[in-house]
Every structure is written in structure tokens, then in C-alpha cells.
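# Summary of structural features
Listed below are the residues making up each chain.
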Amino acid sequence: MQTQACQALDRAHHLHPFTDFKALGEEGSRVITHARGVYIHDSDGHRILDGMAGLWCVNLGYGRRELVEAATAQLEQLPYYNTFFKTTHPPVARLAEKLCDLAPSHINHVFFTGSGSEANDTVLRMVRRYWSLEGKPEKQWIIGRENGYHGSTVAGMSLGGMAPMHDQGGPCVPGITHIRQPYWFGEGRLGEGHDPSPEAFGRACAEALEAKILELGEDKVAAFIAEPVQGAGGAIMPPASYWPAVKAVLARYDILLVADEVICGFGRLGEWFGSQHFDLEPDLMPIAKGLSSGYLPIGGVLVGDRVAETLIEEGGEFFHGFTYSGHPTCAAVALKNLELLEAEGIVERVREDLGPYLAERWSELGEHPIVGEARSLGLMGALELVADKATGERFDKSLAAGSLCRDICFATGLVMRSVGDTMIIAPPLVITRDEIDELVHLARQALDETARRLAE
Ligand code: PLP
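Criteria and thresholds
Residues numbered from 1 in each chain as written. Predicted model: local features only at pLDDT ≥ 70, side-chain atom pairs only at ≥ 80, totals over all residues. Helix = DSSP H or I, 4+ residues; strand = E, 2+ residues; numbered from the N terminus. Contact = placed C-beta atoms within 7 Å. Near = placed C-beta within 6 Å. Nonpolar A, V, L, I, M, F, W, Y, C, P; charged D, E, K, R; others polar. Buried ≥ 20, exposed ≤ 12 C-beta atoms within 10 Å, placed from the backbone. Pairing = 2+ DSSP bridges. Core = buried A, V, L, I, M, F, W, Y, C linked by C-beta atoms within 7 Å. Domains from an automatic or database assignment. Axes fitted to C-alpha atoms, helices over the stretch in contact; angles between N-to-C directions. Right-handed = clockwise from strand over helix to strand, strands pointing away.

Moving on, we come to the overall build of the chain. Assigned secondary structure in the chain consists of 17 helices and 14 strands. With the C-alpha coordinates aligned to their principal axes, the bounding extent of the chain is approximately 65 × 65 × 45 Å. Contacts in the chain between residues at least 24 apart in sequence constitute 71% of all its contacts with a sequence separation of at least 6.

Here you go:
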């Protein structure tokens, strides 16, 4: 199909997610036709390095025949059956075992969903059910973080702290509130009246959690939900002091920890789960995305023993589930994906080789005149665009520097995402050192061109 014909159909009938419908109608969509390795290709013949692994999900890269074969074999054997009412099938049972093998030792159960958003809806219901089964129904509040992202369903967006989402579509789920994010570059270094070191800032963010708990009532808080590293909020890597201090606060008030692993899971930070990098012991871990490398939609909640035992022993029937909970074909593909990540030593390679190499090359971009900070962890990186390198002052919002840089990147062959004026990358975990060099080269070129156009 020709580019323009495809764009015309799309414009006439397709309402895109996270898109200004009217602006898209005027500009027309980019038409992506195929992909291999770390590259996507468009209908005009361009090859583009996918610095975002789709939406942080194509961990194993594009075009893996083994995943196609796993899907085909399962489609022939048993394309679909549900897991409601005491039925199961081999792919879901095997996937459950594999996930619990890979997860920290206190996690031995999983509840399957079709997406990360559904996983977080499940979290909300599970957490409240847990406390009511424990005889503490007053523990209802869930604390999330400003700019956290936990999905687009009503529960997912309520747990998340994205103000523009809260402002659209009616009231959020009651009993959820948010605290500040541990965003050193954006908020910490600019703060006044406290020791301006990242470590002091990390502790101050944990103190904000404690203050919120005391404000709500120390026996009223059920859970704290956070991504180990905030992804969609801007690849926000917390200061080293943050997680130990948060853990201590949660233990003090007996509050469950929900670590949203939808982005950080399956190797992104060089461990199977981001929680392991920060030495967390979450009670619940929502997962999705890299679980199947995005080849088919599947998510779930990994449930720690404390919660699982109560749900199993005391709970009776849990009136919750999705038609596609544990979908056999999605489960077969996810299982094969995990087997390949393991057999090819990809998680270790991110930890020991690619992550450190990206850190070295990415930090060179920190020298660029419009970059205030370059940070990375594993295969996730961010650049903070600034108008004044010495003071870290941002560009005027009306210039939309981040969107400009993103569009220049795309036009020159790199997918880099912008969150305001923070540029983000999270490439497939199979990227090579040479491809990292190419990514850094394309990013530098785009920064030069962005600087040039902003100066016009
Ligand atoms: N949680 C996190 C941390 C995410 O980044 C996302 C999606 O980007 C979600 C949940 C929602 O997942 P999904 O889009 O599969 O519903």
C-alpha cells in the first residue's frame, strides 16, 4: 500500500492513543512497514534506529523467528482457552513457573493480565482485598508519585501521577494520592532551604512519603506504588539514598511495596527486575512489555508470599480476571522470549558490557552546549536540554525544544522520545556496541541541529 493511501485511511478512521487527533489529520502518520534487529523501516524507504524499543518493550529486538514459531505452534495446538473456573493449559503453567524462577525468592505466584494497565488495576484490587482479609479494612490509601505512569485504564491513570491524564475523563479512583518524584535535575538541584546534594534530596523525598503517611493516618495506608526508575516520567534515576530510605519508611508503618516493573523488568537495568538493582523486596510487581518483547500483548502481577498466602488461604473466590488472562499463544511467546533472553545471556550482557558502554558513550553528550545532564542506567538513558549550561536554565516552553529534537532525530534516522525537554532512549537489549556508537552519533547530530534551529 502506498504511503498516502495508508495515511488517508488512517486519517479517516483511526483515533490514535496519546495523539492530538486534529494535528495528526493535518500532518499524516508515519507509516512503519517492517523491522529487523534494532531498526524499523518506513514506507518511504527510510531505516530508523529504534532507540525506544517500540514503547520500551522490544527487548529481544525485531524479527526473531523463534518467537514466530512459538506463536504458530501454539496457534495450531490451542489458540485460545481461558484460565477461569479451574482450567489451565501447559503454556501458562510453564510461564508461571519460569517467572517465579526468575523473580526474587519470596515471589512464587503470578496473576496474568493482557497489559500493564490491567496489571495495575489488579494491583489496586488485590492490595485492598489483602488488607480487608487481614482484618484491617481501614488500610485503603495507596500512595503513588507525581509523574509516575501506571497505565491508561481508570485505575492505572489514578495510580499514576500524570496531571494531564487526571484532568481528562472525570474523577480518579478515590483513596489514591501522590508525593513528589526523586527527580534531582528537574526539582532537587533547584530546591531551596535544604542541603542541595542529590543524596540529601533523595532522603527528603522519602521524608515526603513519611509526611504523607502521617497526614493520611499512619494505619490508613495500604501500599506505595513506584517504578524502580520512573520511565515515562523522564527516565528518572533516583539518588542512591532514595530507595533505602523509602524501604525504611514502609517497614515502619507496615505498608506494602508495589514495584511497577512494566518498563524496568526483563533486563532493562541489567537485572531481571529493576527491583533487584535497588535491592527492593516488593510485595507485588506488575509486569508487561518486555515479558513478550512486545510480540504479543501480555502482562501480569507477580505476587509475593505474604499477599499470596492470605489471598489463597483466606480469600475464597477473587472476583477478578480478564478473557485474555494467561492467553495460551501470548504465554507461549512470552515463555520463548524469556528462554531466549536467558540462553543468550542478554541480561548479563546489559549489566556487564552494554550498560557500562552506553554510560561511557552517553556521558560524552553531557558536554554538548544544550545538554545540562546526561544520565543512564543499564540500557535506559536521558538527556536534559537546557538553554544555559552554566545555570541549567531551561528553554522557553514555547520553543518546544524537546519535540523539535525528537522530530529532527526521526528525520535523520533515530527514534528518541521527548518528555518535555528531557530526551529519552531505551533501545532493544540486543543492540551492539557499533549500534550504540551509531545511536550516540545520531543523537549528537540531532542536538547540533536542534541548537542551530533554536538559535535562529
Ligand atoms: N506501568 C508502566 C511503568 C508503564 O510504563 C506502562 C506503559 O507504558 C504501563 C504500566 C501500562 O502498560 P500498558 O500500556 O501495557 O497498559
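What follows continues from the structure just given.
Another aspect to go through is the environment of Q445. Within the secondary structure, Q445 is located in helix α17 (residues 433-455). Spatially, the C-alpha atom of Q445 lies 8.6 Å from that of T412, the residues being 33 residues apart in sequence.

So, about the site of the ligand. Taken together, 16 residues lie near the ligand, and S115, G116, S117, G151 and V262 sit nearest. Sorting elements by how many residues they give to the shell around the ligand places helix α6 (residues 116-133) first, with three residues. Residue classes in the shell around the ligand are distributed as six nonpolar, eight polar and two charged.

Once that is clear, we can look at the pairing of strand β10 (residues 299-304). β10 sits mainly inside the fold: six of its six residues count as buried. As defined by bridge partners, strand β4 (residues 107-113) adjoins β10 across six bridges and the pair is classed as antiparallel. Note on β10: the bridge partner recorded for T113 is G299. Relative to β10, strand β9 (residues 284-287) runs antiparallel, the two being bridged by four bridges. Bridging from a neighbouring strand, I287 pairs with G300 of β10.

Another aspect to go through is the nonpolar core. In terms of nonpolar packing, the biggest core is built from 129 residues, with V127, F224, L284, V301, L302 and L414 touching the most fellow members. Per-element tally for this core: the top contributor is helix α14 (residues 328-343), with eight residues. Summarising the domain contributions, this core has at least three residues from each of domain 1 (31-63 + 345-455) and domain 2 (66-343). Sequence-distant contacts of L414, that is, excluding residues within four places in its chain, are made with I48, L49, G51, C409, L439, L442, A443 and A446.

Another point: the domain arrangement of the chain. Looking at the assigned domains, one finds that the chain contains domain 1 (31-63 + 345-455) and domain 2 (66-343). Distance between the C-alpha centres of domain 1 and domain 2: 26 Å. Counting from both sides, the interface comprises 27 residues of domain 1 and, opposite them, 24 residues of domain 2. Those elements that place two or more of their residues in the side of domain 1 that touches domain 2 are α3 (53-56), α15 (346-364), β11 (371-377), β12 (380-385) and β14 (422-425). When residues of the side of domain 1 that touches domain 2 are assigned to their parent elements, the largest contribution, five residues, is made by α15. When the residues that make up the side of domain 1 that touches domain 2 are grouped by side-chain class, the tally is 15 nonpolar, eight polar and four charged.

A few words on the sheet that holds strand β2 (residues 39-42). Ordered by their spatial adjacency, three strands build an open sheet running β1-β2-β3, and the pairing between neighbours is antiparallel. The two strands at the open ends of the sheet, each matched to only one other strand, are β1 (32-36) and β3 (47-49). Along the sheet, successive strands turn relative to each other by an average axial angle of 30°, direction set aside. With three bridges connecting them, β2 and β3 associate as antiparallel partners. Bridge pairing links Y39 to L49 in β3.

Moving on to the pairing of strand β8 (residues 256-259). Here β8 shows no split at all, with L256 and V258 on one side and L257 and A259 on the other all buried. By the bridge criterion, four bridges tie strand β7 (residues 221-226) to β8 in an arrangement that is parallel. Bridged to A223 within β8 is L256. Regarding topology, helix α11 (residues 242-252) serves as the crossover connection from β7 to the parallel β8, and that connection is right-handed.

Read from one edge of the open sheet, four strands run β11-β12-β14-β13, paired in antiparallel fashion. Bordering the open sheet on either side are β11 and β13 (417-419), each of which pairs with just one other strand. Across the sheet, the mean angle separating the axes of adjacent strands is 20° when strand polarity is ignored. Alignment of β13 against β14, held across three bridges, turns out to be antiparallel. Within β14, the position partnered with V419 by the bridge is T422.

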